[in-house]
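Residues per chain, in single letters:
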Amino acid sequence: MSKYDCLTKEELIKIIERQEQELKNKKYGLVWDAEREPEQVVLDCKNHLPVLERVKEKEIKTDDSEDNILIEGDNYHALTVLNYTHKGKIDVIYIDPPYNTGKAKEWKYNDKYVDKNDSYRHSKWLNFMEKRLKLAKELLSKNGVIICSIGEDELANLVLLLNKIFNFVSEPLVWLSKSPLNQNKLTKTSAICHEYIIIAGNKEVESKNELIDLENTDNFIAKDKIKNYPLGIFLKKDISKYKILKEENKEIILIPPSEYTIGKYKQGSFKEHRFQKRIFQKGHGSEKYVNFYKKILKKNNLPESYLGVILNVKDRNNLGVKFVLGNFYFQSISRFLTLKVPSFLGQYQGGYPGFPTAKPVDLIKRLIKLYSSRNSIILDFFAGSGTTGEAVLKLNEEDGGNRRFILCNTNENNIFSNICYRRLKNLLSKKRAPDHESKKN
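### Regarding helix α2 (residues 40-47)
So, step 1. When α2 is considered as a whole, its buried residues turn out to be Val-41, Val-42 and Cys-45. One side of α2 carries all its buried residues, which in axial view fall inside an arc of 100 degrees. Of the exposed residues in α2, the ones pointing more than 90 degrees away from its buried face are Lys-46 and Asn-47.
So, step 2. Of the surrounding secondary structure, the elements contacted by the buried residues of α2 are α3 (75-85) and α4 (121-139).

Structure, rendered in structure tokens:
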């Protein structure tokens, strides 16, 4: 039975006329079945304007300035209301919408989960997103931007949709969400490990090349990694200038103390890597390298002050060598952006376990800083765990800004009330603590 079988002749004629008119007006565009199952929340808003109710007992006041806002409820309702209060006032919108991968319980349309067996899942996603993006456009200031994270399942559709709604759409920025070394061993295909960021606005925005500036990528390294990898290894000559010793199908270079230094990381470190000095443990993969190094030292009657550089090592950080010295070996992290960024995704920021789609606070903070002023309003209407709110608070703390956030989300599985609200409440409470302590003293 066709979906059109239940329509009257008049209804069919109207659909045909509308489609013919669209074909006349559009030479290029995106068309999908938006009428098959309209969203109930959209239909409800035509007759009943949603109203926000203030919950006084959950206020988190840090000073007398205008509030940050958390809106619990459907984001279509929230965007509709915000168009009465904040139209043209939002400088940055960051969203991490459903990726529509077809996984179970990923997202809902009309209160029903959409999965890969739904033949209209892409149409539903487009219908769902278009309604919200049109409302979001009206909220943006003259120079405002919307920043969208997305996966490969809806990347092409989102680019077309943004081009339909906004006047300017950037090329997608590509970043790794997990290690490219993770491969699907069953199907023997490469695992998909990329995510994308697309920036759109009502006018063309200045190119922000510093977002992916390879000379300044330390901003993408988690702070604990910078702390744990403080060293650089510096060789006085190019490694190809040293003599290579061969044994047991391995190659090693032994560098005398006068030809190398190990110290605080700076540019000029071997392949620009940072290093962590560790003592090897039995059973650990490093044991074989240390034992091989010591065997070569003994064979050549050299002291342990010689630095061993074992060549042609398959290394996940693209180093290609192993450094050993005495009982120590050196771990590294790469200088290359594509090998630094993956450490963020999948790590739940702030220590709240169990939420599957955490985004890096530092990445969102960096994006907001590039496209906002110190007094901007930042909106996230797929707020989830509140990462955008944390990014705003931390950015204000760093540069003395007075940015405010508006976060919207349903309370599915109590994520918004139990995780997002508590997370931001804890952060704001820490901000208030010194003032209270000073008053007590």
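### Section: helix α10 (residues 387-399)
One turn of the α-helix equals 3.6 residues, which is why residues spaced by three or four share an orientation.
So, step 1. Between its first and last C-alpha atoms α10 spans 18 Å; for 13 residues at 1.5 Å apiece the expected length is 18 Å, and the two agree.
So, step 2. With respect to burial, α10 is a largely interior element, 10 of its 13 residues being buried.
So, step 3. For α10, the full list of buried residues reads Thr-387, Thr-388, Gly-389, Glu-390, Ala-391, Val-392, Leu-393, Leu-395, Asn-396 and Asp-399.

### Details of the environment of Leu-395
So, step 1. Within the secondary structure layout, Leu-395 lies in helix α10.
So, step 2. Put simply, Leu-395 and Ile-368 are 27 residues apart on the chain and 8.5 Å apart in space, counted from C-alpha to C-alpha.
So, step 3. If we skip the residues at most four places from it in the chain, Leu-395 touches Lys-365, Ile-368, Lys-369 and Arg-403.

### Examining the confidence of the model for the protein
So, step 1. Averaged over all residues, the pLDDT of the protein equals 80, while 76% of them reach at least 70.
So, step 2. Ignoring residues within four places in sequence, the model shows residues 337-358, a span with pLDDT below 50, making 56 contacts including any to other chains.

### Points about the nonpolar core
So, step 1. In this structure, Ile-93, Ile-95, Leu-133, Ile-146, Leu-162, Leu-379 and Phe-381 are the most contacted members of the largest nonpolar core, which totals 45 residues.
So, step 2. For this core, the element with the most residues is α4, which contributes 8 residues.
So, step 3. Listed in part, the 31 residues of the second largest apolar core include Ile-233, Phe-280, Leu-311 and Leu-319.

Rules used in this analysis
Residues numbered from 1 in each chain as written. Predicted model: local features only at pLDDT ≥ 70, side-chain atom pairs only at ≥ 80, totals over all residues. Heavy atoms only, no water. Buried < 20%, exposed > 50% of the residue type's maximum accessible area, 1.4 Å probe, protein only. Helix = DSSP H or I, 4+ residues; strand = E, 2+ residues; numbered from the N terminus. Arc of directions from axis to C-beta. Contact = heavy atoms within 4.5 Å. Expected span 1.5 Å × (residues − 1). pLDDT = per-residue confidence, 0-100. Core = buried A, V, L, I, M, F, W, Y, C linked by side-chain atoms within 4.5 Å.

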